[in-house]
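Each chain, written out:
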Amino acid sequence: MLFLMATKRRTPPPAPSNRRAKPARSGTATKKPAARRAKAAQAKSRSGVPGLRVGHGYDLHRLEVRAPAGPGRPLIVGGVILDDPLFDRGPVAHSDGDVLYHAVTDALLGALALPDIGQLFPDTSPAHAGQDSSDFVRAAYSEISSRGWSIVNLDCTVILQRPKLSPVKDKIRANLAKLLRLDLASVNLKGKTHEKVDAVGESRAIEAHVVALLWKR
Ligand SMILES: [Zn+2]
């Protein structure tokens, strides 16, 4: 302490000039290390951030009168056929037209910035005509899994005016949980109407949004 005090008393004259001289001489030099440190910290935080990625999937299908009277397919959502005798419309699609499975597929692929469902499974390819869309979900799961990623949870919203989704919600959640090896509690599904307005509200279309959170194993 004494030594420090003594040196403090002695050092003031040269010290300010030294202290000032250094920043003055290396004004840009002091910024450079700081900038470098900030950059390094940023890089560190980027690599050190917990491995989390979020993905969003969206899909829409036009609804038309079901075959044989029209081009509509059976109305299938999350692997469940909504067979309402009072509702005669179904999706127009190259595959089976499962709007929810398509949105789930894109959410998973999107989280890792991978090519989307349309790029991986072109709707011009005869190979995918009438294809069971659970195959797309499995393929997306395989893509993320092979890269070391797992799913934390899914939050899904299906928007359709008719029929009601509530009677089959649990079945759809169970299908997704099984396909993606998740607990039921990690798969949420909300069914909404479109208040009878616009194409969805007039039962001319069906939509789905899905948000998926992934974590790096
Ligand atoms: Zn689709």
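Residues numbered from 1 in each chain as written. Predicted model: local features only at pLDDT ≥ 70, side-chain atom pairs only at ≥ 80, totals over all residues.

1. Topic: the overall build of the protein
- When helices and strands are counted, the protein shows 8 helices and 7 strands.
- Per-residue burial over the protein gives 29% buried out of 217 residues.
- Within the protein, contacts between residues separated by at least 24 positions form 72% of all contacts whose residues are at least 6 apart in sequence. (Helix = DSSP H or I, 4+ residues; strand = E, 2+ residues; numbered from the N terminus. Buried ≥ 20, exposed ≤ 12 C-beta atoms within 10 Å, placed from the backbone. Contact = placed C-beta atoms within 7 Å.)

2. Points about the pairing of strand β6 (residues 187-192)
- The pairing of strand β5 (residues 149-159) with β6 spans 6 bridges and is parallel. By the bridge assignment for β6, cysteine 156 is matched with leucine 189.
- Each parallel crossover has a hand, and the one from β5 via helix α7 (residues 169-179) to β6 is right-handed. (Pairing = 2+ DSSP bridges. Right-handed = clockwise from strand over helix to strand, strands pointing away.)

3. A word on the sheet that holds strand β7 (residues 205-216)
- What the 5 strands build is an open sheet, ordered β4-β1-β7-β5-β6; its pairing is mixed. The open sheet has two free edges, formed respectively by β4 (89-91) and β6, since each of these has just one partner strand. When strand polarity is set aside, the average angle formed by the axes of neighbouring strands in this sheet is 20 degrees.
- With 3 bridges joining them, strand β1 (residues 52-65) and β4 adopt antiparallel strand pairing. The residue bridging valine 65 from the neighbouring strand is arginine 89, located in β4.
- Against the sheet, α7 engages β5 and β6, with an angle of about 145 degrees to β6. (Axes fitted to C-alpha atoms, helices over the stretch in contact; angles between N-to-C directions.)

4. Describing the packing of helix α4 (residues 99-111) against helix α6 (residues 134-146)
- Look at α4 against α6: their axes get within 8 Å of each other, and the N-to-C directions meet at 10 degrees. Judged on the interaxial angle alone, α6 and α4 are roughly parallel. Residues Tyr101, His102, Val104, Thr105, Leu108 and Leu109 of α4 form the contact with α6, whose own contacting residues are Ser134, Phe136, Val137, Ala140, Tyr141, Glu143 and Ile144.
- Tallied by class, residues from the contact of α4 with α6 come to 9 nonpolar, 3 polar and 1 charged. (Parallel < 35°, antiparallel > 145°, perpendicular 65-115°, else oblique. Nonpolar A, V, L, I, M, F, W, Y, C, P; charged D, E, K, R; others polar.)

5. Some thoughts on the nonpolar core
- Formed by 40 residues in total, the largest nonpolar core has its most connected members in Val77, Leu100, Val104 and Val158.
- Elements represented by at least two residues in this core include exactly β2 (76-77), α4, α6, β5, α7, β6 and β7.
- The biggest single contributor to this core is α4, with 9 residues.
- Ignoring any residue separated from it by four or fewer positions in sequence, one finds valine 77 in contact with Leu82, Asp98, Val99, Leu100, Val158, Leu165 and Ile172. (Core = buried A, V, L, I, M, F, W, Y, C linked by C-beta atoms within 7 Å.)

6. Re the environment of glycine 130
- You can see glycine 130 is positioned in the loop between α5 (117-120) and α6.
- The exposed category is assigned to glycine 130, around which 11 C-beta atoms lie within 10 Å.
- Each C-alpha atom of the pair glycine 130 and aspartate 96 lies 4.8 Å from the other, and the pair is 34 residues apart in sequence.

7. Concerning the environment of leucine 214
- Structurally, leucine 214 can be placed in strand β7.
- A tally of 22 C-beta atoms within 10 Å means that leucine 214 is categorised as buried.
- Residues leucine 214 and glycine 51 lie 163 residues apart in sequence; the distance between their C-alpha atoms is 8.0 Å.
- If near-sequence neighbours (up to four positions away) are discounted, leucine 214 is found in contact with Leu52, Arg53, Gly55, Ala111, Ile144, Trp149, Ser150, Ile151 and Val152.

8. Some points on the confidence of the model for the protein
- Residues with a pLDDT of 70 or more make up 77% of the protein, whose mean pLDDT is 85.
- Segment residues 1-30 is flagged for pLDDT under 50; beyond a separation of four residues in sequence, or across chains, it makes 1 contact in the model.
- Note that pLDDT drops below 50 for residues 41-45; the model gives that stretch 0 contacts with residues more than four away or on any other chain. (pLDDT = per-residue confidence, 0-100.)

9. As for unusual backbone geometry
- Proline 68 follows alanine 67 through a cis peptide bond whose omega is 10 degrees.
- As for its position among the elements, proline 68 is in the loop between β1 and β2.
- Of the consecutive residues arginine 162 and proline 163, the connecting peptide bond is found in the cis state with omega at -15 degrees.
- Here proline 163 shows up in the loop between β5 and α7.
- Of note, arginine 181 is a non-glycine position whose phi angle comes to about 55 degrees, a positive value.
- Within the secondary structure, arginine 181 is located in the loop between α7 and β6.
- With a phi close to 60 degrees, lysine 196 is a non-glycine residue in the positive phi region.
- Looking at the secondary structure, you find lysine 196 in the loop between β6 and α8 (198-201).
- You can call lysine 196 exposed: it has 11 C-beta atoms within 10 Å.

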